[in-house]
Amino acid sequence: MEAHQPDAWPLAGWRVVDLSSGIAGPYCSKLLADAGADVIKVESPDGGDPLRNWTASGTAVPTGEDGVLFQFLHASKRSIALDPARAEDREKILGLAARADLLIEDHGPGGLAERGLGIEELQAVNPRLSILSISPWGLEGPHAERPATEFTLQAATGSIDYRGLPGRKPVAAGGRIGEWAAGSFAAPAALSAVFSARKTGLGHHVDLSIFESMLTCLTIYHDLSSQWFEGPLPRGIEIPSIEPASDGYVGYCVITGQQWTDFCAMLGRQDIAEDHQYLDGRARMEHIDFMQEMIQGWTSQRSVEELIELAGLLRIPVAEIGNGQSLPEMEQVKARKILREGPGGFLQPRPPYQLGAAPLRPPAPSPRLDEHAEAILGELAAAPPPQPEADPSADPLPLAGLRVVDLTAFWAGPVAASYLADMGADVVKVESVQRPDGMRFAGAVPNDEIWEWSPVFHGANPGKRGITLALDTEEGMQILRRMLAEADIVIENYSARVLENFGLGWNDVSQINPRIIMVRMPAFGLEGPWRDRAGFAMTVEQVSGLAWLTGYSDLPLVIRGACDPIGGMHAVYALQLALEHRRRTGKGQLVEVPLMEVAINLAAEQVMEFSHYGQLLIRDENRGPVSAPQGVYRTAEADELIALAIPDDARWRTLREIMGDPEWSQNPELDSREGRRAQHDAIDEALEAWLTTQPREKILTALQKAGIPAETLINAHSLSPNPQLEDRGFFQVMEHPRSGEARYPSLPMAFSGLPRALHRRPPPTLGQHNDEVLGRELGLTSEELARLREEGIIGERPSFM
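Parameters at a glance
- Residues numbered from 1 in each chain as written.
- Predicted model: local features only at pLDDT ≥ 70, side-chain atom pairs only at ≥ 80, totals over all residues.
- Heavy atoms only, no water.
- Helix = DSSP H or I, 4+ residues; strand = E, 2+ residues; numbered from the N terminus.
- Rg over C-alpha atoms; globule rule 2.2 N^0.38 Å.
- Buried < 20%, exposed > 50% of the residue type's maximum accessible area, 1.4 Å probe, protein only.
- Contact = heavy atoms within 4.5 Å.
- Pairing = 2+ DSSP bridges.
- Axes fitted to C-alpha atoms, helices over the stretch in contact; angles between N-to-C directions.
- Salt bridge = Lys/Arg side-chain N within 4 Å of Asp/Glu carboxyl O.
- Parallel < 35°, antiparallel > 145°, perpendicular 65-115°, else oblique.
- Left-handed = near helix turned anticlockwise from the far one by under 90°.
- Polar contact = N/O pair within 3.5 Å; in protein donor to acceptor, adjacent residues only side chain to side chain.

## Points about the overall build of the protein chain
Thinking step 1. If you tally the helices and strands in the protein chain, you get 33 helices and 26 strands.
Thinking step 2. Taking 28 Å as the expected radius of gyration for a compact globule of 801 residues, we find that the protein chain reaches 26 Å, a close match to that expectation.
Thinking step 3. Expressed as a percentage of its 801 residues, the buried residues of the protein chain come to 62%.
Thinking step 4. Within the protein chain, counting contacts between residues at least 6 apart in sequence, those at least 24 apart form 77% of the total.

Below you can see the structure in the form of structure tokens.
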């Protein structure tokens, strides 16, 4: 729903001062601007944000234009050029802060204070102001000032080492996904901070770590897994995943045992389905040659269209492999008008969520440097608006008092609901003994209570209470309707048809409770020709273009689930907009967050560059558009790999000095990033030859001390101990009723006015709170509960175990 109704925009009246550049901070403020916030971009008078001149393809930005990524990220914002080193400009920035709800910055540890804009100075002029700081490692900790790029941070998470084929170097996720992930966490964190400040009158300083955001999205709770399984984590790929067809590639996603069985049946290989060792993806990887011969021998004889049709009949998640050229032609993209011509005249994605009752701001052109200075400075002449009353003793948790019915499963939905619990909401997870959350069994410890031992379920579900209800029974549905009648929020992520089949579409739910906010997270959306397709995170990575930029030159690879937590944070953000709308109007609404549209936003640069410049972005293994050289290199210890990135010419000169300025490096053509990119093969060969003479730890120390981003490719099972994460309190130790004590990851940001350990309880065992919720709160008697257990309507153990 979009309309020119500024007063009805969810964040109408909000003021944001954005001092950030790059992707993470600007994507956060883009989401705020889309929802109607007045975002003032403060740029350097000396050329402004460097992203103005950026293209991922290396295409020269036409005179009089800004690059397409800048235009996309900064639509609808206003620009003023100010230099905080000048006292008069610093006072103007403080004047903006005095009138703002939020300030976003990415100057790193001590960066604001060095500019005379420390947290104390900013909140002295506006105690309600929340400041969102985004930095590679976080503002504190022993690694806070360690040089880093998105690529080297991937290495530090364990993500790169985990992804790759035998006999070939592992590969990073493409498309600067970590920066987009950080921006996706930043937006709900920003709204949470402002919501809290509205209650207490006291703004937060939110310290968001890109590394921790990437750890959350690019590893699949591997630190939790390392506490229950022996390591190291084997390097590999998904089987099946992206496979050759006769006319291109097709992508499969086989998560559950049933999906693997159905996949084998599709291939006519029931004998493989009956060999239960292959239910484990790790066993399939151990027999990769056999598996690929079997799978690719079958897929390569059929067209993409035929393969998609066959898989769809069996409800196997499947997709064609999208890129900047093919995505606009996909039927679902066209039917839902996901890609639209933006103010710059090129195709770009719409916001990745739809609000049923609140319009979004139509995108206006991105600003020219200092375009709005006169108007902004004129506004500073007026006194700051009066602040409404607040109660400093109020509960600072922004969602305290809200009741959430959680119908989600697997990862994207559960992690969204867990964030709501961390922010104070009472979240009740609803499963059934007939169909528990399927993630309870994914990668779980094989024992007598396997459903209580999945690292991913544990990581995605802290803070909740859990009950079971058989929703295919009238009595189970009646109980759920009672819960919905008293709830503020219901959230689910089934395929589109499931809730309608239960009689729980939006029209049904809104009749039960007109004030409820219903969040739906189908893979492909509630409408369109793909609405009934099954899909997981890897499916939308395949279709959106994210997989297109990841992998080897001859084989695209999935990132492995990043779109689930990123999609979950977009759902939280859209839900918060609906809460803001309800605060003003008293009305609930439907919120739709298709994972496919989230992924297309993360991959937006591909479509925009092809639309505007005619450039098809392609994967280049571990090379990228920012740094050159960039890659994974061997050291003197044959199995010890490091990731190294040279993001600018100054650090190339530093690298030459560390190497002793060998003759090959003195070629003047290598003095520029473009020249180094043109000769990347030769540089890689010579650089690795030198690195293989260097002990890993010694050379890493030398490189990092000299300001060069470099990291060991850790195995994700070896993340802990980690002094940076420990110093920042990233882990929270909790005691689970079945699996015992374990380290759980927390959110990738710290709020100055909230505890760092925000999980209020470990994830629930199956049906753990049946008596508490259904008995003490809904009033069912012990006799009624006993009967419900006898009839299988509730329970604490899967009915099939």
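Structure shown, so let's carry the discussion forward.
## Observations regarding the sheet that holds strand E13 (residues 403-406)
Thinking step 1. The seven strands lie next to each other as E12-E20-E17-E16-E13-E14-E15, forming an open sheet whose pairing is mixed. Both outer strands of the open sheet, strand E12 (354-355) and strand E15 (465-468), are each paired with one neighbouring strand and no more.
Thinking step 2. Where helix H24 (residues 563-585) meets the sheet, it contacts E12, strand E16 (489-492), strand E17 (517-520) and strand E20 (589-592), and its direction lies at approximately 160° from that of E17.
Thinking step 3. Most of the contacts of helix H32 (residues 770-777) go to E15, to which it runs at about 80°, and overall it touches E13, strand E14 (426-431) and E15.

## Some thoughts on the environment of Gln666
Thinking step 1. Position of Gln666 among the secondary structure elements: in the loop between helix H27 (649-659) and helix H28 (673-678).
Thinking step 2. The class of Gln666 is partly exposed, set by a relative accessible area of 41%.
Thinking step 3. For Gln666 and Arg656, which are 10 residues apart along the polypeptide, the C-alpha to C-alpha distance reads 8.3 Å.
Thinking step 4. Those residues in contact with Gln666 that sit more than four places away from it in its chain are Arg656 and Asp661.

## Observations concerning the pattern of salt bridges
Thinking step 1. Taken as a whole and judged by the stated rule, the model has 61 salt bridges.
Thinking step 2. One salt bridge in this structure joins Arg168 and Glu621, with 3.9 Å as the shortest N-O distance. Of this pair, Arg168 sits in the loop between helix H7 (159-162) and helix H8 (177-200) while Glu621 sits in the loop between helix H26 (604-613) and strand E21 (630-634), and the two are 453 residues apart along the sequence.
Thinking step 3. Judged by relative accessible area, which is 32%, Arg168 ranks as partly exposed.

## Brief notes about the packing of helix H3 (residues 87-98) against helix H17 (residues 373-380)
Thinking step 1. Between H3 and H17, whose axes approach to 10 Å, the crossing angle comes to 70°. One element, H3, and the other, H17, form an angle in the roughly perpendicular class. H3 and H17 meet at a crossing whose hand is left-handed. For the pair formed by H3 and H17, the contact residues are Lys92, Gly95 and Leu96 on the first element and Ile376, Leu377 and Leu380 on the second.

## Looking at unusual backbone geometry
Thinking step 1. The amide bond that connects Gly231 to the next residue, Pro232, takes the cis arrangement and shows omega of -5°.
Thinking step 2. Relative to the helices and strands, Pro232 is located in the loop between helix H10 (222-226) and strand E7 (242-245).
Thinking step 3. In this structure, the amide linkage connecting Ala628 to the following residue, Pro629, adopts the cis form with an omega of 0°.
Thinking step 4. Mapped onto the fold, Pro629 is located in the loop between H26 and E21.

## Brief notes about the environment of Glu114
Thinking step 1. With respect to the helices and strands, Glu114 occurs in helix H4 (residues 111-114).
Thinking step 2. Separated by 242 residues in sequence, Glu114 and Gly356 place their C-alpha atoms 45 Å apart.

## Thoughts on the side chain of Asn323
Thinking step 1. Turning to its location among the elements, Asn323 is positioned in the loop between strand E9 (318-320) and helix H16 (331-336).
Thinking step 2. The class for Asn323 is buried, based on a relative accessible area of 8%.
Thinking step 3. One polar contact links the side chain of Asn323 to the main-chain amide nitrogen of Ser326, over a distance of 2.8 Å.
Thinking step 4. Among residues more than four places away in sequence, those in contact with Asn323 are Pro328, Gly545, Trp548, Gln606 and Leu616.

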